[in-house]
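A structural walkthrough
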Amino acid sequence: MHYFVYKNDDLYCENVPIADIAEQIGTPFYLYSYATITRHFRVFGDAFNDLDHLTCFSVKSNSSLAILRIFALHGGGADVVSGGELFRALRAGIAPDKIVYSGVGKTLEEMKLALNSNILMFNVESDQELQLLNITAKDMGCKATIAIRINPEVEPKTHPYLATGHSENKFGIPLKDSLNTYESAKQLENIDVKGISCHIGSQLTDIDPFLEALRKLKDILKELTKMAFDIKFLNLGGGLGITYSNEKPPHPLEYAKALKEIIRKDNITLILEPGRVIIGNAGILVTRVLYTKSTKNKRFIIVDAGMNDLIRPTLYNSFHAIQPVKMTHSEMLVADLVGPVCETGDFFVKDKKMPPFKSGDLVAIMSAGAYSFSMASNYNSRPRPAEVMVKGKLFSLIRSRETYNDLIHGEVFPKFL
Ligand SMILES: *Cc1c(COP(=O)(O)O)cnc(C)c1O
């Protein structure tokens, strides 16, 4: 459910015609609906209302400050995977005691920043990381609160690049070694073990892998209780999928209900790290057609956004629905929607029916709220696009379009040139 809808023949974001925004700020731009974001966040959180829980938005899915500020204002936490994301979460006003920090390669500097910021906990992903964290906390005269991230070795049934809970993935500590790691964590003076965590993948449309992972976490919890650990947090990560075309992911209510059946009686706080399910369908990419051209067996619509702005189609072969900003009632045509970047991988959709777009038309690339701007780059020296948020009748830039000067920020000519 989102707030990108046609009124008469014009595509609106909430109460603002998208064409008006394009007129004022130019194209391409990302556009987010405040009502959609808050609705998704509320529906997800409310599903767990009868359980102690903390919703930590996955910052890597969309790290724009204004978006993070919405979660801060609604009592949300953050799941970060780098010092930069931690910096953003804090800058946006997210309470440090609602921030969890995952990632297989945390550096010493990042650990110091997180310890100084008093975050809720680290999700530790290796024995060496555990040792360094202990030494770092000791040097700083504090204790690091941690969960061990376990790789529960389940098959998440998603795109291979989006699977993280297989024995072949780099994430977490193998299930069979996890109790040993807990045992060694117990010996470390500056480590305070408080949780168990996992994250098995992204864009999951089936509930079973989550349940399988949760059951495995619960088995570990039982063992740890026997071993006299005081575990307060169970972190199931993120991963709930969304509808890009005809996927039928479980509703958050259904997801929550199934999870609660497994952990209802445990005296524990559940941490969830949703990203895509909150923000994926709350944003779109708006672009304008530059040219059209036809070859012997192909028709190309060339737009002013490129793979540097939205890399998901070429990186994951992912599908994004294409909609006209001005509805036409003409017959649909099969075409490729492509960008200006000098790469064959620079496409949004291939061989799909779409309106007979012509030069100057505005195109909405749907479901572009998650892993979209946050993955944008400057490849081909293209300034990254603007980001805009709509709330009711209001809209505001939340990030200016980059300039050519932004492109060369930090570059210097060496003395010997
Ligand atoms: C990416 C990630 C998430 C969010 O995944 P979604 O599929 O966007 O919900 C949560 N936790 C961790 C550790 C992640 O790496």
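This is a predicted model, so every value here is computed, not measured. (Residues numbered from 1 in each chain as written. Predicted model: local features only at pLDDT ≥ 70, side-chain atom pairs only at ≥ 80, totals over all residues. Heavy atoms only, no water.)

Some points on the nonpolar core
- Of all hydrophobic cores here, the largest spans 96 residues; its most connected members are Phe48, Phe122, Ile146, Tyr182, Ile196, Tyr255 and Leu337.
- Broken down by element, the residue count for this core peaks at eight residues, all from helix H8 (residues 208–226).
- Residue assignment places this core across two domains, with domain 1 (4–32 + 281–407) and domain 2 (34–279) each supplying three or more.
- Counting residues in each nonpolar core, the second largest holds 19 residues, with Phe4, Ile21, Ala22 and Leu362 among its members. (Core = buried A, V, L, I, M, F, W, Y, C linked by side-chain atoms within 4.5 Å. Buried < 20%, exposed > 50% of the residue type's maximum accessible area, 1.4 Å probe, protein only. Helix = DSSP H or I, 4+ residues; strand = E, 2+ residues; numbered from the N terminus. Domains from an automatic or database assignment.)

Let's talk about the sheet that holds strand S3 (residues 16–17)
- Taken in spatial order, the three strands line up as S1-S2-S3 in an open sheet, and their pairing is antiparallel. For this open sheet the edge positions go to strand S1 (4–7) and S3, each flanked by a neighbour on one side alone.
- For S1 and strand S2 (residues 10–13), the ladder comprises four bridges, and the chain directions are antiparallel. If you follow Val5 over to S2, its bridge partner there is Tyr12. (Pairing = 2+ DSSP bridges.)

Considerations on the domain arrangement of the protein chain
- Here the protein chain is partitioned into domain 1 (4–32 + 281–407) and domain 2 (34–279).
- For domain 1 versus domain 2, the separation of C-alpha centres amounts to 32 Å.
- Counting residues at the interface gives 23 residues for domain 1 and 26 residues for domain 2.
- Between domain 1 and domain 2, the buried area comes to about 2,000 Å², and carbon and sulfur atoms account for 58% of it.
- Taken as a group, Asn281, Tyr316 and Tyr371 account for 30% of the area that domain 1 buries against domain 2, more than any other trio of residues on that side.
- On the surface where domain 1 and domain 2 come into contact, there are zero salt bridges.
- Seen at the junction of domain 1 and domain 2, the total is 13 residue pairs in polar contact (both at pLDDT 80 or more).
- If you list the elements that add at least two residues to the side of domain 1 that touches domain 2, you get helix H11 (312–316), strand S20 (386–391) and strand S21 (394–399).
- Counting residues per element, the side of domain 1 that touches domain 2 draws most heavily on S20, at four residues.
- Classifying every residue of the side of domain 1 that touches domain 2 gives 11 nonpolar, seven polar and five charged. (Contact = heavy atoms within 4.5 Å. Buried area = accessible area lost by both parts, 1.4 Å probe. Salt bridge = Lys/Arg side-chain N within 4 Å of Asp/Glu carboxyl O. Polar contact = N/O pair within 3.5 Å; in protein donor to acceptor, adjacent residues only side chain to side chain. Nonpolar A, V, L, I, M, F, W, Y, C, P; charged D, E, K, R; others polar.)

Focus: the environment of Gly360
- Relative to the helices and strands, Gly360 is located in the loop between strand S18 (347–354) and strand S19 (362–365).
- Excluding anything up to four places from it in sequence, Gly360 contacts Arg288 and Val289.

Focus: the pattern of salt bridges
- By the definition in use, this model includes 17 salt bridges.
- Across the salt bridge formed by Glu129 and Lys106, the nearest N and O atoms sit 2.6 Å from each other. Placement of Glu129 in helix H6 (residues 127–139) and of Lys106 in the loop between strand S7 (99–101) and helix H5 (108–116) is noted, with a sequence separation of 23 residues between them.
- For Glu129, a relative accessible area of 6% puts it in the buried group.
- In this structure, Asp266 engages Lys218 in a salt bridge whose closest nitrogen and oxygen atoms are separated by 3.1 Å. Here the residue Asp266 occupies a position in the loop between helix H9 (252–263) and strand S13 (269–272), and Lys218 occupies one in helix H8, the gap between them amounting to 48 residues.
- Three or more residues joined by partner-sharing salt bridges are found here, namely Lys298, Asp336 and Asp351.

Some thoughts on unusual backbone geometry
- For the bond from Thr27 to Pro28, the omega torsion is -10°, close enough to zero to count as cis.
- Looking at where Pro28 falls in the secondary structure, it is placed in the loop between helix H1 (18–25) and strand S4 (29–33).
- With a phi angle near 70°, Ala228 is a residue other than glycine that sits in the positive phi range.
- Since its relative accessible area comes to 62%, Ala228 is described here as exposed.
- Of note, the phi angle at Asp351 is positive, near 50°, even though the residue is not glycine.
- Mapped onto the elements, Asp351 comes out in strand S18.

A closer look at the site of the ligand
- Around the ligand, a shell composed of 14 residues is seen, among which Lys60, Ser202, Gly239, Glu273 and Tyr371 lie nearest.
- Interatomic distance of 2.3 Å between a side-chain N/O atom of Ser202 and an oxygen atom of the ligand.
- Within the backbone of Arg276, an N or O atom sits 2.8 Å from an oxygen atom of the ligand.
- Its residues assigned to classes, the shell around the ligand comprises two nonpolar, seven polar and five charged. (Near = heavy atom within 4 Å.)

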